[in-house]
Structures are given as C-alpha cells and as structure tokens.
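Topology and contacts: notes
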Amino acid sequence: MKIGLTQSGFKYKINKVMKKYLLLMSILPVFLSMLSCASQLSNTNTKTSEDGNMVVIPAGWFIMGSDMGEFNEKPAHEVYLDTFEIDRYEVSAKDFAQFLSEKGNSSGNYFSYDDSATIIDISNYKTEGIGKETGKEGYLPRKGLDNYPANNVSWYGAYDYCISKGKRLPTEAEWEKAARGMNSGIFPWGNSFPDSSKARYNQKLQEHDPQALVPVDSLSDGSSPYGVLNMSGNVLEWVTDWYRQNYCDFCDPEGAEFTDIANEIANKGKSPERISDSHPYIPPKNNPGGPTAGSFKVLRGGSWEEESEMKIRASFRYWLVPMDRRNNTGFRCAK
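Structural notes, computed from the coordinates. (Residues numbered from 1 in each chain as written. Predicted model: local features only at pLDDT ≥ 70, side-chain atom pairs only at ≥ 80, totals over all residues. Heavy atoms only, no water.)

**A look at the pattern of salt bridges**
Considering all chains together, one arrives at 11 salt bridges under this definition. With its nearest N and O atoms 2.7 Å apart, the salt bridge here joins Glu 176 to Arg 180. Taken together, the positions of Glu 176 and Arg 180, both in helix H4 (residues 172-180) and 4 residues apart, correspond to about one turn of that helix. Accessibility expressed as a relative area gives 0% for Glu 176, which makes it buried. A relative accessible area of 7% places Arg 180 in the buried class. Several salt bridges converge on common partners, so that one network encompasses Glu 172, Glu 176, Arg 180, Arg 300 and Arg 317. (Salt bridge = Lys/Arg side-chain N within 4 Å of Asp/Glu carboxyl O. Helix = DSSP H or I, 4+ residues; strand = E, 2+ residues; numbered from the N terminus. Buried < 20%, exposed > 50% of the residue type's maximum accessible area, 1.4 Å probe, protein only.)

Here you go:
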C-alpha cells in the first residue's frame, strides 16, 4: 500500500502553505513598524514640563548633521546634550502680538508689518473699525489667526521674546535633537516622505490671507519623537547660533578628532575660531553653542514656501542676517 498525496491533495497543501506565507508577509511590515515605534518611544522617554507647553528632552548622544545632505550639513557627527526643555509649539501670533504691544517695536527691530503677516500693526491698519481712525496703537493677531505662528519676526524679536518669558532660543544642536530624536530620522516623524498630514510646505501665500500656514497645534501626525509639532515646514525657526558653513572644517574623515593642522594650531595656543574664512570653527562634542561671532544666524525646519521635501528635512540648515523679518520666519523657545 502506497502512502502519499494525490495531485489534488498536494495542491491543497501547497495552497495552504502559500496562504500562511502571504499572511505572514502581510503582517510583517506592521509588526516591524510597531517594533520601530516601540524602539523610538523607548529611546525618547518623552516627558512634559510642569506648565504642559514644553517638552523635556533627556540628556544623551545623537547624530547631528547628514553626510547625504547639503554641503553645510556635513559631516554627520555625534553630539552630547544635557537635559533641556523646548516649546511643543511655535510661538503664536497672539502671544507675540501681546509681547510687541507691551515692549514696543522700536524701528521695526522685532517685527515687520505687511499684508502677509499673521500679526497686524493697528496703527497702520484701517479696517474693522480699528487703526488710525480710532487713534489706537499696538499689535493684534490678524482676525482668525490667533493660534497661527508669528511670522515676519527678526532674530532679535525672537531672542528678546524668549528672554521675557524666562526662556531662551534653542541652540542649533538642541533644535535638531528635539526634531530627530535619538534615532536621527530624516524627518521628525521618521524616514517616510512628507504629506499634508505631516508638514505644511509647497504653499502659495495670498495677500491679506496668510493661511498658507497652519495653527501651531496642528499636524500631530508629523510630530517629532518627543512630541514637538511643526518642526518641518510652517515657518523657519530662529536658533541662537551664528552660522558657519559646515560643522567641522578640521575633522579627520578617518575618525580622528582633528586633522594635523588643527592640532598644530591648538598646540601653539591659538584659537581655531578665527584661523581663516574657510576654517572658522572646531565644534565641541558636548553642548555645542556655535561660533562666538558671525554675520548670519541659523534657522531650522524649512517653511510653508519650500517646494522640495529636501528643504524640510530635520538636518537642513538655513541662514539670514539677524535683522531679516520675512513672512516665513518664526521661532520657538527653550530652557
């Protein structure tokens, strides 16, 4: 008596195995995604500050910069930061307008009013019964835009606002860690391409209607591993650092901390910060704060007007003179 499978029985067994295989393959991506999320959560250990509006970023190492990005993002390098806190949201038009009304805006140093601003200078605004007709002065969020990000803000306006709240601007390294987390994703939410649920970019701004932007508490799908919102797109965000072309002109690609020329300069007791225009800076690995002087300040995160996803990556760097006040410049604070 022969023991075996008939042709139909064999096909049945094969089909059963294939179904199990296909089921496993369909579940595997979900399982891997869950593992990735769990890993990310375990690495970030997210905590909220006492007032609920700031996020605690724990001390530790992360990879800053990108070897695959623009020239000024290179090289990717390890950075250690102490624990710090950063605003969960960009500073809103309502809050910055109140600051301007209280502190003033001498010579427009903090803010520049135009038709694309989320804040109105009521001394120059002649609609809705306010402005020169009533003799009022001060600043208000544009109607319906209280919770949109303040824009047209200079670095000085951002800096002094944060100081007035008992905070400060984040360093460039702090901003990038808050955006990327310990896993150093390409975007705050990870490595998948952005869409309209994650980032506000590739928009056109209409006069008197700056709703190319979105409210500061929107797009939670695009939040960083620590739960910080709108770190890609919406408005460019000022940080405290002076701009330098790249992170480490003297870094040895073989892994040594400095090249021979940097060591030679260091041994002679000369500061490497002003060696030449092409080699301005050797950054520390612990709590870097940028060069001590410069002509431009760094901005991060890209904005509503970026047409390319490349410009809203977490490692992308932008720079402007500190007095620049544009319809895509805003900020958030840290401490």
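**Structural notes on the packing of aromatic side chains**
Within the structure shown, the criterion is met by 13 aromatic pairs. Both rings, one in Phe 99 and one in Tyr 161, keep their centres 5.5 Å apart while their planes meet at 80 degrees; by these two values the pair is edge-to-face. A residue pair is termed long-range when its members are at least 10 positions apart, and Phe 99 in helix H2 (residues 93-103) and Tyr 161 in helix H3 (residues 155-164) qualify at 62 residues. Assigned by exposure class, Phe 99 and Tyr 161 land together as buried. Pairwise contacts between aromatic rings join Phe 96, Phe 99, Tyr 110, Tyr 161 and Phe 331 into one cluster. (Phe/Tyr/Trp six-rings, centres within 6.5 Å; stacked < 30°, edge-to-face > 60°.)

**Notes on the nonpolar core**
Of all hydrophobic cores here, the largest spans 24 residues; its most connected members are Phe 96, Leu 100, Phe 111, Ile 119, Tyr 161, Trp 238 and Phe 331. A total of 5 residues in this core trace back to one element, the largest contributor, which is H2. Each of domain 1 (46-91 + 149-250 + 281-334) and domain 2 (93-141) gives at least three residues to this core. (Core = buried A, V, L, I, M, F, W, Y, C linked by side-chain atoms within 4.5 Å. Domains from an automatic or database assignment.)

**A short note on H2**
All buried positions along H2 are accounted for by Ala 93, Phe 96, Ala 97, Phe 99 and Leu 100. Buried positions in H2, seen along its axis, are confined to an arc of 160 degrees and lie on one side of it. Next to the buried residues of H2 lie strand E6 (119-121), strand E7 (139-141) and H3. Note on H2: the residue one or two positions beyond its end, Gly 104, has a positive phi of about 85 degrees. (Arc of directions from axis to C-beta. Contact = heavy atoms within 4.5 Å.)

**As for the sheet that holds strand E11 (residues 329-330)**
Pairing in this open sheet of 4 strands is mixed, and the strands run E10-E9-E8-E11 from one edge to the other. Two strands in the sheet have a free side with no partner beyond their single neighbour: strand E10 (317-320) and E11. In this structure, strand E8 (residues 236-242) lies alongside E11, joined through 2 bridges in parallel fashion. Counterpart to Glu 237 in the pairing with E11 is Gly 330. (Pairing = 2+ DSSP bridges.)

**Re the state of the cysteines**
Here, disulfide denotes a covalent bond that connects the sulfur atoms of two cysteines. Scanning the entire structure with this criterion turns up 1 disulfide. Note that Cys 162 is cross-linked by a disulfide to Cys 333, the S-S spacing being 2.1 Å. Residues Cys 162 and Cys 333 are joined by a disulfide whose S-S torsion is about -85 degrees; by sign, that bridge is left-handed. With Cys 162 in helix H3 and Cys 333 in the segment after E11, this residue pair connects regions lying 171 residues apart in the sequence. Across this residue pair, the class does not change: Cys 162 and Cys 333 are buried. (Disulfide = S-S within 2.5 Å.)

**Observations regarding the packing of H2 against H3**
Closest axis-to-axis distance for the H2/H3 pair is 11 Å, and the angle between their directions is 90 degrees. By the angle between their axes, H2 is roughly perpendicular relative to H3. Listed contacts from H3 to Asp 95, Phe 96, Phe 99 and Lys 103 of H2 are Gly 157, Asp 160, Tyr 161 and Ser 164. Across the contact of H2 with H3, the residue classes tally to 3 nonpolar, 2 polar and 3 charged. (Axes fitted to C-alpha atoms, helices over the stretch in contact; angles between N-to-C directions. Parallel < 35°, antiparallel > 145°, perpendicular 65-115°, else oblique. Nonpolar A, V, L, I, M, F, W, Y, C, P; charged D, E, K, R; others polar.)

**Remarks on a nonpolar patch on the surface**
Side chains of Phe 71, Phe 296, Trp 319 and Val 321 sit close together on the surface and give an oily, nonpolar patch of about 350 Å² of accessible area. Within the secondary structure layout, Phe 71 lies in the loop between strand E3 (60-64) and strand E4 (77-81). Residue classification places Phe 71 among the partly exposed residues on the basis of a relative accessible area of 47%. (Patch = residues over 30% accessible without salt bridge, like charges linked within 9 Å, V, L, I, M, F, W, Y side chains within 5 Å. Areas by Shrake-Rupley, 256 points an atom, 1.4 Å probe, with all protein chains shown as cover.)

**Considering unusual backbone geometry**
Following Lys 74, the chain continues into Pro 75 via a peptide bond in cis, with omega recorded as -5 degrees. Take Pro 75: it is sitting in the loop between E3 and E4. In this structure, Asn 202 takes a positive phi of about 55 degrees despite not being glycine. By the secondary structure assignment, Asn 202 is in the loop between H4 and E8. Phi at Asn 234 takes a positive value of approximately 70 degrees, unusual for a residue other than glycine.

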